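Fold and contact review
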Amino acid sequence: MRLTVVEHPLLAATLTGIRDVNSPASTFVELVERATLLLLTAATADLPTDAGTVQTPLATADCRRLRHQPLLVPVLRAGLGMLESARRLLPEAPIALVGLRRDERTARASWYLNALPTDLTDVPVIVLEPMIATGGTLGDVVTRLADLGAPTVTVVSVICAPAGIAALERTAERLPTDVHVVTAAQDRSLNDQFFIVPGLGDAGDRLFGGG
């Protein structure tokens, strides 16, 4: 498994606003969308392309086209806050929703929605999840994607915790799929409630409301 922490001044400034407890909901949503665009630019750098030509108003030019449209997989519910930006960058990409509910006492996740295709052979997958805390939820998602034949799974996340990355790495070691995590920051720890510290709070609540 590869981990890429994207270093970019625009992303760093955006993350500052995302972390700020005083950022209103509208600002938080806008900043998460902006961070997603910046992270996806790095996350899609390895997508395979095919050479071709295109007719310009003046002449024929060499060009490159995506070999396969990646499958976008937002993890409900917080991953939906990243989806609009992903669709702007990859407007032709198909989308499959997955939902897992985490037990707050044990941090274990259970599936309540699985809209994945039955075969992902040759299909690169991009998973949208704002935070990687314990890594349990993502481990289940990545395992399911690998079982369906996905050759690569790129997880795009705003922040992560070392414990979550370590857990996901242990999962990835058992899989034939290439797993790549692209994030803006790796924070220092989890607290007793499995929240990332210093973190950004509950991404789902800040995006969609709730307590």
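For every chain, the first residue of the written sequence is number 1, and numbering continues from 1 onward in sequence order. Given that the model is predicted, a residue must reach a pLDDT of at least 70 before its local features are reported, and side-chain atom pairs must reach 80 or more before they are shown or counted; all residues, however, enter totals for whole chains, interfaces and linings. Working from all heavy atoms in the structure, the side-chain values ignore hydrogens and water.

Below, the discussion takes up the pattern of salt bridges. A side-chain nitrogen of Lys or Arg and a carboxyl oxygen of Asp or Glu constitute a salt bridge if their distance falls within 4 Å. For the structure on display, the rule yields six salt bridges. A salt bridge links Asp46 to Arg2, with the nearest nitrogen and oxygen atoms 3.4 Å apart. Placement of Asp46 in the loop between helix H2 (25-43) and strand E2 (49-55) and of Arg2 in strand E1 (residues 2-5) is noted, with a sequence separation of 44 residues between them. Judged by relative accessible area, Arg2 falls into the partly exposed class, the value being 37%. One salt bridge connects Asp178 with Arg2, and the closest N-O pair in it is separated by 3.5 Å. Note that Asp178 is positioned in strand E10 (residues 178-186) and Arg2 in strand E1, a separation of 176 residues in sequence. Numbered from the N terminus, helices here are DSSP runs of H or I no shorter than four residues, and strands are runs of E no shorter than two. Only protein chains enter the calculation, and the probe is 1.4 Å; a residue is then buried if its accessible area is under 20% of its type maximum, exposed if over 50%, and partly exposed in between.

Bringing the layout of surface pockets into the picture now. The calculated volume of the largest pocket comes to roughly 630 Å³. Space inside and on the surface of the protein is sampled on a 1 Å grid over the protein atoms alone, with a cavity defined as a set of points where a 1.4 Å probe fits but cannot get out and a pocket as an open set with protein on both sides within 12 Å along at least 5 of 7 lines; lining residues have an atom within 4 Å of a point. In terms of lining residues, the largest pocket is bounded by 25 residues, among which Leu76, Leu100, Arg102, Glu129 and Asp202 are the most central. Listing elements by their share of the lining of the largest pocket, those giving two or more residues are strand E4 (71-76), strand E5 (98-102), strand E8 (131-132), helix H4 (136-147) and helix H6 (203-208). Each residue is assigned to one class: nonpolar for Ala, Val, Leu, Ile, Met, Phe, Trp, Tyr, Cys and Pro, charged for Asp, Glu, Lys and Arg, and polar for all the others, Gly among them. Here the lining of the largest pocket is composed, by residue class, of 13 nonpolar, five polar and seven charged. Of all elements in the fold, only strand E7 (125-128), strand E9 (152-160) and E10 reach the threshold of two or more residues within the lining of the second largest pocket. At three residues, E9 tops the list of elements feeding residues into the lining of the second largest pocket. Grid points are joined across faces, edges and corners, and a volume is the space filled by probe spheres set on the points.

Spatial relationships are all this shows, so hold off on functional conclusions.
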